[in-house]
Amino acid sequence: MRLGVVILLRPTGGPACFALVPLCVLFFAPARTAKAQDADFDECEVRVREQPGDLASYECFAQLPRKNNRWEEAVRRLEAHLARDPENQLARFALGGLESSRAQDRAEPLLREAAEGLAKQGRRVEAVRARLTLSVFLQIRGRDDDSEAELTRAAQVAEGAADRVLLARVWNVQGRQASRRGDYGRSWQLFRQSEAVIFPDGPPAMQAFCLSMLGFLSATLDRPQQALAFYRREIEVLRGSGDRWSEARALVNVATQATNLWERGELPREEALLAARQALDTALAVSARDVVGWAHRNLGRL
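Residues numbered from 1 in each chain as written. Predicted model: local features only at pLDDT ≥ 70, side-chain atom pairs only at ≥ 80, totals over all residues. Heavy atoms only, no water.

**Student:** Just checking my understanding: could you explain the confidence of the model for the chain for this structure?
**Tutor:** Detailed reading of the predicted model is not advised wherever pLDDT is low. Counting all residues, the mean pLDDT for the chain is 87, and 86% of those residues have values of 70 or more. Confidence scores differ between elements of the chain, with strand β1 (residues 5-9) showing the lowest mean pLDDT of 47 and helix α10 (residues 184-198) the highest of 97. Here residues 1-8 is modelled with pLDDT under 50, and outside its nearest four sequence neighbours on either side it reaches 60 contacts, counting other chains as well. Here residues 20-36 is a poorly scored stretch, pLDDT under 50, and it has 73 contacts once near neighbours within four places are set aside; other chains count. (pLDDT = per-residue confidence, 0-100. Helix = DSSP H or I, 4+ residues; strand = E, 2+ residues; numbered from the N terminus. Contact = heavy atoms within 4.5 Å.)

What follows is the structure, encoded as structure tokens:
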């Protein structure tokens, strides 16, 4: 899985929606003891020792804060691996992805150096992924030209590969950029292309992002029933991967569309209320304060 942040999108003339940006996902679990949480990080260390050439071994550290909220410990562990081996580009990529999910400035040089280093090592797939993560980070920072340049470089490499999932990663980022430009038709086409590749067996993080954006596009085009269906599918994916942090945001999107449908007389109020309360309960459980506010807004509409 990859690192991910959630951003607020606003369909034209409609309520805001949350969309998962393809940077990480895992799970914000109930509180556990510090000793148990340390054991989780130690399991990642074991994975690194056993499979030092596998990106997933290092992403293990970056995913754990979604379970235990120990972001600084994840950073410390990955920095330690880089200190031991400054040429460890897999650790650098994982650290850059982790820092991008925390909106840290240092994410940019980490991801840029990782992309270049991985390319020199002949690790084409990981290099493309690092460049795509950098592209999204720059896009979120409002540096659209720089973001487009990184996306173009990533696409050129991906298009020369036989890896369809890698190409779908590019389509996901291109689709998000098209959406930002207001080219919803092109965005829809790209995400549907991606959906055809990554379902049913693709990476859950990619699946969740794709469905989140298809839900957003449906909401933007005033198709609340369709949006509701996509967001519900997203929730199924997130529950399968255990990512309650992102699930809270998807639940708010479900509640928003359910409330829209109730206002149109197309859904029972009880169903919309249930969705709104479930979104609020989940947001409170994972301390997603921004989502709590939107969940209260939906309840206020009902």
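**Student:** Looking at this structure, I do not really get the state of the cysteines. What am I missing?
**Tutor:** Here, disulfide denotes a covalent bond that connects the sulfur atoms of two cysteines. In the structure shown here, the tally under the stated rule is 1 disulfide. C44 shares a disulfide with C60; S-S distance 2.0 Å. Taking the sign of the S-S torsion, about -70° here, the bridge from C44 to C60 comes out left-handed. Taken together, the residues span a long stretch of sequence, with C44 in helix α1 (residues 34-50) and C60 in helix α2 (residues 55-63) at a distance of 16 residues. The exposure classification of C44 matches that of C60, with both residues buried. (Disulfide = S-S within 2.5 Å. Buried < 20%, exposed > 50% of the residue type's maximum accessible area, 1.4 Å probe, protein only.)

**Student:** Would you take a moment to explain the environment of V254 for this structure?
**Tutor:** Secondary-structure assignment places V254 in helix α13 (residues 244-263). Overall, the relative accessible area of 6% leaves V254 in the buried class. When sequence neighbours within four positions are dropped, the list of residues in contact with V254 reads L228, Y231, R232, I235 and A275.

**Student:** Can you walk me through the packing of aromatic side chains in this structure?
**Tutor:** Two measures describe an aromatic ring pair: the distance that separates the ring centres and the angle between the ring planes. Going through the model one piece at a time under the given rule, you end up with 2 aromatic pairs. Between W188 and F230, the aromatic rings sit 5.9 Å apart at their centres with planes inclined by 75°, giving edge-to-face as the arrangement. In this pair, W188 sits in helix α10 while F230 sits in helix α12 (residues 224-241), placing the two residues 42 residues apart along the sequence. Each member of the pair W188 and F230 is classed as buried. (Phe/Tyr/Trp six-rings, centres within 6.5 Å; stacked < 30°, edge-to-face > 60°.)

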